[in-house]
Amino acid sequence: MTQTLAGYNFAYLDEQTKRMIRRAILKAVAIPGYQVPFGSREMPLPYGWGTGGIQVTASIIGRADVLKVIDQGADDTTNAISIRRFFARTAGVATTERTVEATIIQTRHRIPETPLRAGQIMVYQVPIPEPLRWLEPRETETRTMHALSEYGAMHVRFYEDIAHHGRITTTYDYPVIVNDRYLMRPSPIPKFDNQKLDMSPALQLFGAGREKRIYAVPPFTKVKSLDFHDHPFSVESWDAACSLCGSTTSYLDEVLTDDQGGRMFVCSDTDYCRSRTS
Amino acid sequence: MSALPLLDEEPPLLVVEGLTVAYGARVGCRDVGFELWPGEVLGIVGESGSGKTSLLNALSAKIEPAAGRIRYRLRDGTMADLFDLSEAARRQLLRTDWGVVHQNPRDGLRLTVSAGANVGERLMAIGARHYGEIRGSALDWLGKVEIDRDRIDDRPSSFSGGMQQRLQIARNLVTNPRLVFMDEPTGGLDVSVQARLLDLIRGLVADLGLSAIIVTHDLAVARLLAHRLMVMRGGEVVESGLTDQVLDDPQHPYTQLLVSSILQV
């Protein structure tokens, strides 16, 4: 689709708003992991469906960009399709399902298996940006804690996991320290994907629409997952390989195939799986 | 309390001069000054509303005083003005060198995580990152405050009032602080539990050589724990001196009233 919707500015948001969001993004890139407040706008979809990610994408997208949108690794879910169509209509940009072709990848809950390259931008949809929120409800206090790098109490949660279950049971939205400084929630990606954040050649932008925060991990930035010396960070592993493409290195979803107990494991990243089978 | 430490050998740990706490036009405490030496326990007594808690809050850097100076001798031996320190340094001091035991354990404990995590939190806050070692110290401290080791994974909300108070003490002492503030540590506990808690505090203070400032309205607690007493009324210190001296030979009419109000059983 090349014809954009009449009556709307390019990529839906007005230019002043885009400028404001770009300023927030620049600040976020300059201070890796720091949450920059911004004036989040009403978007034509409910909070929690990716309003933060859409605003970030709308502010950075240009006519030459190629957009890919994934939801839980898949390109063909309702949310992913809707957002992709939204930008096809309002900005007239090309869209793709292929990771290698995309210049901007908006995502909910996954980082593609195909390694990202320099020049690509990941845009994450973030529900709750504040990693300290569970332990401190006051925003004034969490900001002070960030300012003073008081992150020790974060380990209380992991201590509890180990005391009760023998291991760290946090499996997604696993907190990280960015550039040896700021504590950051990587949005609800599985901890399997945490390692892809570290020293990634792509720029990674995080937008939280309801909470009105933008933060970023610039290319080639150190991202370290929290852990204990005697309980080091580890990622999920599976006994099975993908039933479709046979991959043993990708993140697998368990799919029930009937009501007789039949099940199969398949790649959560549909584009990666397809590229290996075709 | 016997075995008063030798006061001449070391300079004071805490020096307070002309401390005034105001809430707008209302005064919490006025022109309070004293010195606290290493290993010394200072009791602050007085009726409710006399400014004890205001004073304690200012001393423990929770509220900023309207006037006066609080100087504290850091571990490297230098005297630092508490409110000249950066906020980061002040909070670091509170987490490591100081402890605050609240009257209500709910203010000092994290009730939604286990007892072990409560004790371990201060260790993790100063950089401990080895689960086994953190758990080891937590077990050790639970033993010292007489909480069964197999309660380590239970939440403090399932503990009795006395146990919660002892857990709070363990949580504060795990980082080997040099100065502990206690606000009515035995308030709301029945007398037999109080007695055991007092025994415990007395033992820990003596063993660890802690300095402590204990706020209480209970003169019996003050007599058991404190080397020195300050009597407060209406925001001002009306009398101060050695505990036995103040309680056995009170000079100020208000102190006389306070001492004569003790129930004789």
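Note that the structure is a prediction, hence the values are computed from the model and not measured.

## Points about the packing of helix α5 (residues 154-165) of chain A against helix α5 (residues 131-144) of chain B
The packing of two helices is summarised by the inter-axis angle and the distance between the axes.
Link 1 in the chain: At a minimum axis separation of 11 Å, α5(A) and α5(B) run at an interaxial angle of 80 degrees. Judged on the interaxial angle alone, α5(B) and α5(A) are roughly perpendicular. Between α5(A), through Tyr159(A), Ile162(A) and Ala163(A), and α5(B), the contact on the second element is made entirely by Tyr131(B), Ile134(B) and Arg135(B).

## Re the packing of α5(A) against helix α4 (residues 115-125) of chain B
Link 1 in the chain: Running from amino to carboxyl end, α5(A) crosses α4(B) at an angle of 140 degrees, the nearest separation of the two axes being 9 Å. Taken together, α5(A) and α4(B) sit at an angle that is classed as oblique. Pair α5(A) / α4(B) crosses with right-handed handedness. Facing His155(A), Val156(A), Tyr159(A) and Glu160(A) of α5(A), the residues of α4(B) in contact are Gly116(B), Ala117(B), Glu121(B) and Met124(B).
Link 2 in the chain: When its residues are assigned to classes, the contact of α5(A) with α4(B) shows four nonpolar, two polar and two charged.

## A look at the environment of Met199(A)
Link 1 in the chain: Turning to its location among the elements, Met199(A) is positioned in the loop between α6 (194-197) and β8 (203-208).
Link 2 in the chain: Expressed as a C-alpha distance, the spacing of Met199(A) and Phe220(A), which sit 21 residues apart in the sequence, is 3.9 Å.

## Details of the interface of chain A and chain B
Link 1 in the chain: Contact residues are listed per partner, giving 20 residues for chain A and 20 residues for chain B.
Link 2 in the chain: Both faces considered, chain A and chain B share a buried interface measuring about 1,800 Å² in area, 61% of it formed by carbon and sulfur atoms.
Link 3 in the chain: Connecting chain A to chain B are three salt bridges.
Link 4 in the chain: Linking Arg95(B) and Glu150(A) is a salt bridge whose minimum nitrogen-to-oxygen distance equals 2.8 Å.
Link 5 in the chain: Considering each element in turn, the side of chain A that touches chain B owes the most residues, seven residues, to α5(A).
Link 6 in the chain: Residues that form the side of chain A that touches chain B fall into these classes: nine nonpolar, six polar and five charged.

## Remarks on the confidence of the model for chain B
Low pLDDT means the predicted atomic positions in that stretch should not be read closely.
Residue and element names in this part refer to chain B.
Link 1 in the chain: Residue-level pLDDT values for chain B average 90, and 95% of them are 70 or greater.
Link 2 in the chain: In the model of chain B, helix α7 (residues 191-208) stands out as the element of lowest mean pLDDT, 87, in contrast to α5, which has the highest, 95.
Link 3 in the chain: At the level of chain-chain contacts, confidence expressed as ipTM amounts to 0.83, with global pTM at 0.84.

## A closer look at the sheet that holds strand β1 (residues 14-23) of chain B
Residues and elements named next belong to chain B.
Link 1 in the chain: On the basis of which strands lie adjacent, the open sheet formed by four strands has the order β2-β1-β4-β5 and antiparallel pairing. Single-partner strands in this sheet number two, and they are β2 (26-36) and β5 (79-81). In this sheet, neighbouring strand axes are inclined to one another by 25 degrees on average, regardless of whether the strands run parallel or antiparallel.
Link 2 in the chain: One ladder, built from five bridges, connects β1 with strand β4 (residues 67-73); its direction is antiparallel. Bridged to Leu 14 within β4 is Tyr 72.
Link 3 in the chain: Docked against the sheet, helix α1 (residues 52-59) engages β1, β2 and β4, running at close to 120 degrees with respect to β1.

## Some words on the side chain of Ser250(A)
Link 1 in the chain: Structurally, Ser250(A) can be placed in the loop between β10 (223-225) and β11 (252-256).
Link 2 in the chain: Judged by relative accessible area, which is 2%, Ser250(A) ranks as buried.

## Notes on the pairing of strand β9 (residues 228-233) of chain B
Residues and elements named next belong to chain B.
Link 1 in the chain: Of all six residues making up β9, five are buried, and the element is well covered by its neighbours.
Link 2 in the chain: As paired strands, strand β3 (residues 41-45) and β9 are joined by four bridges and run parallel to one another. Directly across from Ile 44, in β9, lies its bridge partner Met 230.
Link 3 in the chain: With six bridges connecting them, β9 and strand β10 (residues 236-242) associate as antiparallel partners. Directly across from Met 230, in β10, lies its bridge partner Ser 240.
Link 4 in the chain: Between β9 and β10, which pair antiparallel and follow one another directly, the connecting turn spans two residues, one of which, Gly 234, has a positive phi of 55 degrees.

Reading guide: rules and limits
Residues numbered from 1 in each chain as written. Chains lettered and ligands numbered in written order. Predicted model: local features only at pLDDT ≥ 70, side-chain atom pairs only at ≥ 80, totals over all residues. Heavy atoms only, no water. Axes fitted to C-alpha atoms, helices over the stretch in contact; angles between N-to-C directions. Helix = DSSP H or I, 4+ residues; strand = E, 2+ residues; numbered from the N terminus. Parallel < 35°, antiparallel > 145°, perpendicular 65-115°, else oblique. Contact = heavy atoms within 4.5 Å. Left-handed = near helix turned anticlockwise from the far one by under 90°. Nonpolar A, V, L, I, M, F, W, Y, C, P; charged D, E, K, R; others polar. Buried area = accessible area lost by both parts, 1.4 Å probe. Salt bridge = Lys/Arg side-chain N within 4 Å of Asp/Glu carboxyl O. pLDDT = per-residue confidence, 0-100. Pairing = 2+ DSSP bridges. Buried < 20%, exposed > 50% of the residue type's maximum accessible area, 1.4 Å probe, protein only.

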